[in-house]
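Structural characterization, general
Each chain is listed here by its residues.
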Amino acid sequence: MEVYVLSIRHATLMKLARASSDLPDVLPHLSEHVIWIELQHLPPIAYHSVTTFDFIYAMAGHIVNRDTAQRQINVFQSDASKVTIASADMSDWPQHVKVTFQDGHETVVPGSIIQNRRLLTATRQRAGLVSQTTWTSEIQSDPPSLNYADVQAGPGMAKLLHKIRAHGFAFVDDMPATPEATQSLLESIGPIRNTHYGGFYDFTSDLSSKDTAYTSEALEPHTDNTYFTEPAGLQALHLLSHTDGAGGQSSLVDGFRAAEQLYKEHRYAYVILSMTGVYAHASGNEGINIQPAQAFPTFTHSEQYKKLIQVRWNNADRAGVDTPWRHLEGWYDAAAKFDAILNEQKNQYWFQLKPGRMLLFDNWRVLHGRAAFTGKRRMCGGYIGRDDFISRFRTTNYSQEELEASTLTG
Ligand SMILES: [Fe+2]
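The text that follows walks through the structure, step by step, so that each part is easy to find.

Thresholds applied
- Residues numbered from 1 in each chain as written.
- Predicted model: local features only at pLDDT ≥ 70, side-chain atom pairs only at ≥ 80, totals over all residues.
- Heavy atoms only, no water.
- Patch = residues over 30% accessible without salt bridge, like charges linked within 9 Å, V, L, I, M, F, W, Y side chains within 5 Å.
- Areas by Shrake-Rupley, 256 points an atom, 1.4 Å probe, with all protein chains shown as cover.
- Salt bridge = Lys/Arg side-chain N within 4 Å of Asp/Glu carboxyl O.
- Helix = DSSP H or I, 4+ residues; strand = E, 2+ residues; numbered from the N terminus.
- Buried < 20%, exposed > 50% of the residue type's maximum accessible area, 1.4 Å probe, protein only.
- Pairing = 2+ DSSP bridges.
- Core = buried A, V, L, I, M, F, W, Y, C linked by side-chain atoms within 4.5 Å.
- Contact = heavy atoms within 4.5 Å.

**Overview of a nonpolar patch on the surface**
Nonpolar side chains collect at one region of the surface, where Y268, V271 and M275 lie side by side and expose about 380 Å² of accessible area between them. Among the secondary structure elements, M275 is positioned in helix α9 (residues 267-275).

See the structure below:
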């Protein structure tokens, strides 16, 4: 039998002995503070009581404030005897473990929380990851969309956010072509982010803010907010009217698909864009000079699940490239290759926004652009922060147990 203990310092499973008979020699000083948990698919695991205590902290009402879900005890400063587990009842394993503390408090820990602690399931659920489908212009035959009435009812919000996580965007059809309905739907996802342009916007192409978005010019595929340390996660656009003119078709490009193509065709360019920070700025308005806290690369990857999680690309707002002179040409060459991929017709999904059809897209993944237009357009929409967007996805798509298993574990 193999014996493992959860390391307090490194929070990793360490193999301590190969035979159960070794246990008294290996863990003499821990013997009073160890509980044994026979996991269904894993070798027996011994948890040190203090670690276990912190690990299951949220299950115990005397440790965590039930109203705020925050810790009430600092285990680093508490006397260990006060937080020692007296016994663990495994009779309901793998559904639950009943734990009794030495002070008499009892708590029940779902088995899935213990089993999933560092498994990919919990890591993916923390990030609200779903199976992603990257796409090209062919998505025009069946773009992800939901009816407004369905979004308002039952699990509609969960479905909408799931579509956006899977495809990077979704339409909401047959909704009132009003700023009120648009704002209300956005606020049902999360708080609308306030920026130097304001919060919820409702504007015509009058250059009221000094940004090309407020003109009638064509816009190349880009992500918004590259000048922020944290660009908005979700963006909404709803065309309320277009009078006395034509044009203005919108385009979307799947940034993850484009990055995938760059990786396959020009691996070195992908590496350069993943490792080289680029500055950006928003400084067209009086009294405003916004720059991110540091230069961020075009591609950001998750340390935990080794996946691309963010694409930043905005040629109009780009500032300096944080690389020595000798590497600058290499960056420009890599950036030109990515730009060419973004502008391949097969990668651009073109469509016409129309009143009653709201577009929501993931600004960390999908690039947007538009053709020039004539006449007068009235557009409304807004940003939602990435964490608020994922929070709403998680609370609408996961059960309470799944939420806890990917939130509270130590
Ligand atoms: Fe934009």
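**Notes on the pairing of strand β11 (residues 169-173)**
Judged by how many residues are buried, β11 sits mostly within the fold: five of five residues are covered. Here β11 shows a buried face lined by F169, F171 and D173 and a second buried face lined by A170 and V172. Note that strand β10 (residues 145-147) and β11 share three bridges and pair parallel. Residue pairing across strands places L146 opposite V172, the latter belonging to β11. Across four bridges, the pairing between β11 and strand β22 (residues 358-362) is antiparallel. Within β22, the residue paired with F169 across the bridge is F361.

**Some details on the pairing of strand β19 (residues 308-311)**
One ladder, built from three bridges, connects strand β18 (residues 299-301) with β19; its direction is antiparallel. Paired with T300 across the two strands is Q310, which belongs to β19.

**What to know about the pattern of salt bridges**
As enumerated under the stated definition, the model contains six salt bridges in all. In this structure, the salt-bridge partner of D173 is R357, at a minimum N-O distance of 2.6 Å. Here R357 lies in the loop between β21 (348-351) and β22 and D173 lies in strand β11, a separation of 184 residues in the sequence. Two residues, D202 and R378, come together in a salt bridge whose shortest N-O distance is 2.7 Å. With a gap of 176 residues between them, D202 in strand β12 (residues 201-204) and R378 in strand β24 (residues 376-384) connect regions that are remote in the sequence.

**Concerning the sheet that holds strand β20 (residues 318-322)**
Pairing within the open sheet is antiparallel, and its three strands lie in the order β17-β16-β20. Looking at strand neighbours, the two that pair on one side only are β17 (296-297) and β20, the edges of this open sheet.

**Structural notes on the nonpolar core**
Of all hydrophobic cores here, the largest spans 27 residues; its most connected members are L160, I164, V172, L185, I189, M358 and L360. For this core, the secondary-structure elements that each account for two or more residues are α5 (148-152), α6 (156-167), β11, α7 (179-189), β14 (234-243), β22 and α11 (386-397). No other element matches the five residues that α6 contributes to this core. Non-local contacts of I189, meaning those with residues more than four positions away in its chain, are made with M157, L161, L234, L360, I384, D388 and R392. Among the nonpolar cores identified, the runner-up in size contains 23 residues, and V253, A259, F299 and W313 belong to it.

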